[in-house]
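A closer look at the structure
Given next are the chains, with one letter for each unit.
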Amino acid sequence: GSLDNIPDSELVASFGQRGARFETSTVEFLGRDRVTQYTQNLNLTLQHQWKSVLFEIGYLANLSRKVLYPNLNLNQIRPELLSRVDIAARFRRPWTVFASDQPTIQLVSPGWGISNYHAFTFKSERRFRDGIGWIVSYTFAKWIDNVPFAAGPFGDNDGVQNIFDLSVERSLSGNGVPHRLVLAPIVDLPFGRGRRWLDRG
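Please read all numbers here as calculations on a predicted model, not as lab measurements.

A few words now on the packing of aromatic side chains. In this structure the tally under the stated criterion is three aromatic pairs. Ring geometry for Tyr59 and Phe120: centres 5.3 Å apart, planes at 45 degrees, overall tilted. Taken together, the positions of Tyr59 in strand β3 (residues 53–67) and Phe120 in strand β6 (residues 113–129) put the pair 61 residues apart, joining distant regions of the chain. Plain terms: the ring middles of Tyr117 and Trp143 are 6.1 Å apart, the flat faces sit at 90 degrees to each other, and that makes the pair edge-to-face. Pair noted here: Tyr117 is in strand β6 and Trp143 is in strand β7 (residues 132–145), with a separation of 26 residues, a long-range link. The partly exposed category is assigned to Tyr117, whose relative accessible area is 24%. Here Trp143 falls in the partly exposed class, since its relative accessible area comes to 21%. Geometry around Phe164 places Arg78 over its ring, the cationic atom sitting 4.1 Å from the centre.

In structure tokens form, the structure reads like this:
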């Protein structure tokens, strides 16, 4: 790679700058404040049986913190300088020492993400009896996060819009499914040998 076999004598303050022997436009590093991500799970379920039918309602949540982002370029032009096209792009970035107009100072997988999943559930179940049974379940859920979970790309740009204000990334998750209904009926049809109808052959 471009950083192979670089002598220690070249690793000085001017390393990577324009005009230096080893110009570079990409730097990657792990943040010192990186911590382990964690998740909190909440679940409350109530059941009641009426005759032969079970009813269940529930609330569940999955709250994740310090979720890993994709790699982030910290050398973005600040929003207030985007319209200053009279100034070269490299001079509008926080670090101006790179050779390219597309320099990258990449923070590798920072743990800046949050994810909040909340769901209310309903289930009705009747065990098979007298030729009929069922399971019916419905989930209403809301998933809000500020980090892409699903594999992309979605549209032209699924990256972080503004690293200087991550609050604008918070929105409904691309993986969210707000409504989910499952029907599983079991019916013993009265057809065939020994049944009410079509009892011949």
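So, on to the pattern of salt bridges. Opposite charge on two side chains allows them to pair when their charged atoms are near. The full count for this structure, using the stated rule, is four salt bridges. We note a salt bridge from Arg84 to Asp86, for which the minimum N-O separation is 3.0 Å. By relative accessible area, which is 36% here, Arg84 ends up partly exposed. The exposure class of Asp86 is exposed, given its relative accessible area of 58%.

Further remarks concern the pairing of β3. Note: strand β2 (residues 38–50) against β3, 13 bridges, orientation antiparallel. Paired with Tyr38 across the bridge in β3 is Arg65. Counted along the chain from β2 to the antiparallel partner β3, the turn is two residues long, and its residue Lys51 has a positive phi close to 55 degrees. The pairing of β3 with β6 spans 14 bridges and is classified as antiparallel. Its bridge partner lying in β6, Ser64 is registered against Ser115.

About the thresholds
- Residues numbered from 1 in each chain as written.
- Predicted model: local features only at pLDDT ≥ 70, side-chain atom pairs only at ≥ 80, totals over all residues.
- Heavy atoms only, no water.
- Phe/Tyr/Trp six-rings, centres within 6.5 Å; stacked < 30°, edge-to-face > 60°.
- Helix = DSSP H or I, 4+ residues; strand = E, 2+ residues; numbered from the N terminus.
- Buried < 20%, exposed > 50% of the residue type's maximum accessible area, 1.4 Å probe, protein only.
- Lys NZ or Arg CZ within 6 Å of the ring centre and 35° of its normal.
- Salt bridge = Lys/Arg side-chain N within 4 Å of Asp/Glu carboxyl O.
- Pairing = 2+ DSSP bridges.

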